[in-house]
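# Remarks on the overall topology
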Amino acid sequence: MLPASRALAERLGWSLLALQSLRSEMPQEFFLCFREGCLKLLDRQTLKKGGLAVDVDPRPGEQHSYPAPKKDLLAQAIGKKTKTVIDATTGWAQDSLALFRMGYDVQCIERSPVMAELIRDGLQRLAQKDWVQSRQLQPPALMVGNAIELLASLPDAPDCIYLDPMFPPKRKQTAATRKSMAILREILGDDLDRADLFQAAWQATGKRVVVKSPDYAEPLGGKPSESYQGKLLRYDVYLK
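Residues numbered from 1 in each chain as written. Predicted model: local features only at pLDDT ≥ 70, side-chain atom pairs only at ≥ 80, totals over all residues. Heavy atoms only, no water.

### Quick notes on the layout of surface pockets
Over the atoms rolls a probe the size of a water molecule, and in doing so it shows where empty space is left. Within this model, the second largest pocket holds a volume of roughly 490 Å³. Contributing to the lining of the second largest pocket are 22 residues, with Ser15, Leu16, Leu17, Leu32 and Cys33 lying nearest its centre. Taken together, the residues that form the lining of the second largest pocket break down as 18 nonpolar, three polar and one charged. (1 Å grid on protein atoms, 1.4 Å probe; cavity = no way out; pocket = protein on both sides within 12 Å on 5 of 7 lines; lining within 4 Å. Points joined across faces, edges and corners; volume = space filled by probe spheres on them. Nonpolar A, V, L, I, M, F, W, Y, C, P; charged D, E, K, R; others polar.)

Below, the structure is given as structure tokens:
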């Protein structure tokens, strides 16, 4: 994987380091490494083993059939008649991939170059899955950059724009969630422009904007047309 590592380092403007040469006094907080057949994000605690990658397999409780049933709260919020979805805050891509497995035509936007590389690697692995190849499916397309600017320049309005902005944390989370979300928050920071992002999404969408938020947060776009409440989060739907 050395050529791929060199190309990755060049794209990001990062140094290419040998694992055995890393020292505790080095200033880097995060590292990218091809490991176990995928690109992983590492911190100092996971240099020897572990790391975080974009998981392209169904989440616990999801069916492995394609298309997966549109039964959960996310699918209800997106809408069964919706065809095209843009996830403007892709992050670890788990909602994008769930929507893809449900049969939606999904595009992803990610502003962090580091997260974009992890997503790109995940989408490449997804394209190699037997069930994707046998059905000749196209994995979600990835756009890298500021979502507010990218949404303003879309050639066609999607049926739905999906937002999952970073909100300030207010409750204890599980260890697995805390690790991935803490790293994501450290890379991206809080989405202080989320109100502007909502307005950009509202202008760009053809039919609806869906906002995923923790249950304690105020609705991002004012009173929603519909709302689907889960145990710890909800999906607010704004219909045009």
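### Details of the nonpolar core
Ranked by internal contacts, the top residues of the largest apolar core, which has 38 residues, are Leu32, Val54, Ile78, Leu99, Tyr104, Leu118 and Val210. Counting residues per element, the ones that place at least two in this core are helix 1 (2–12), strand 2 (38–42), helix 2 (73–78), helix 3 (94–101), strand 4 (105–110), helix 4 (113–127), strand 6 (160–163) and strand 9 (233–239). The contact partners of Ile78, leaving out residues within four places of it in the chain, are Val85, Leu99, Tyr104, Cys160, Tyr162, Arg208 and Val210. (Core = buried A, V, L, I, M, F, W, Y, C linked by side-chain atoms within 4.5 Å. Buried < 20%, exposed > 50% of the residue type's maximum accessible area, 1.4 Å probe, protein only. Helix = DSSP H or I, 4+ residues; strand = E, 2+ residues; numbered from the N terminus. Contact = heavy atoms within 4.5 Å.)

### Here we look at unusual backbone geometry
The backbone phi angle of Ala93 is positive, close to 70°, even though this residue is not glycine. Of note in this structure, Gln136 is not a glycine but carries a positive phi near 55°. Take Gln136: it is sitting in the loop between helix 5 (130–134) and strand 5 (141–144). The class for Gln136 is exposed, based on a relative accessible area of 71%.

### Remarks on the sheet that holds strand 9
Pairing in this open sheet of seven strands is mixed, and the strands run 5-4-3-6-7-9-8 from one edge to the other. Where the open sheet ends on each side, the last strands, each with one partner, are strand 5 and strand 8 (226–229). Direction aside, the axes of adjacent strands within the sheet are offset by 20° on average. In the sheet, strand 3 (residues 84–87) pairs with strand 6 via three bridges, with the strands oriented parallel. Along strand 6, the bridge assignment pairs Ile86 with Ile161. (Pairing = 2+ DSSP bridges. Axes fitted to C-alpha atoms, helices over the stretch in contact; angles between N-to-C directions.)

### Examining the pattern of salt bridges
In the structure shown here, the tally under the stated rule is eight salt bridges. One salt bridge in this structure joins Asp236 and Arg234, with 3.0 Å as the shortest N-O distance. By relative accessible area, Arg234 is classed as buried at 7%. One salt-bridge network, held together by shared partners, links Arg11, Glu117 and Arg120. (Salt bridge = Lys/Arg side-chain N within 4 Å of Asp/Glu carboxyl O.)

### Brief notes about helix 4
In this model helix 4 runs 21 Å from its N-terminal to its C-terminal C-alpha over 15 residues, within 8% of the 21 Å that 1.5 Å per residue would give. Considered for burial, the residues of helix 4 that qualify are Val114, Met115, Ala116, Glu117, Leu118, Ile119, Asp121, Gly122, Leu123 and Leu126. (Expected span 1.5 Å × (residues − 1).)

### Here's the deal with the packing of helix 1 against helix 4
Interhelical geometry of helix 1 versus helix 4 gives an angle of 150° and a closest axis separation of 10 Å. Between helix 1 and helix 4, the interaxial angle falls into the category roughly antiparallel. As for the relative orientation of helix 1 and helix 4, their crossing is right-handed in sense. In this structure, helix 1 contributes Leu8, Arg11 and Leu12 to the contact, and helix 4 contributes Pro113, Val114 and Glu117. (Parallel < 35°, antiparallel > 145°, perpendicular 65-115°, else oblique. Left-handed = near helix turned anticlockwise from the far one by under 90°.)

### With respect to helix 8 (residues 194–204)
Every buried residue belonging to helix 8 is among Arg194, Leu197, Phe198, Ala200, Ala201 and Ala204, and all of these are buried. Down the axis of helix 8, the smallest arc covering the buried residues is 165°, so these residues share one side. The exposed set on the far side of helix 8, more than 90 degrees from its buried face, consists of Asp196 and Gln203. Structurally, helix 8 contributes buried residues whose contacts are with helix 6 (147–152), strand 6, strand 7 (208–214) and strand 9. (Arc of directions from axis to C-beta.)

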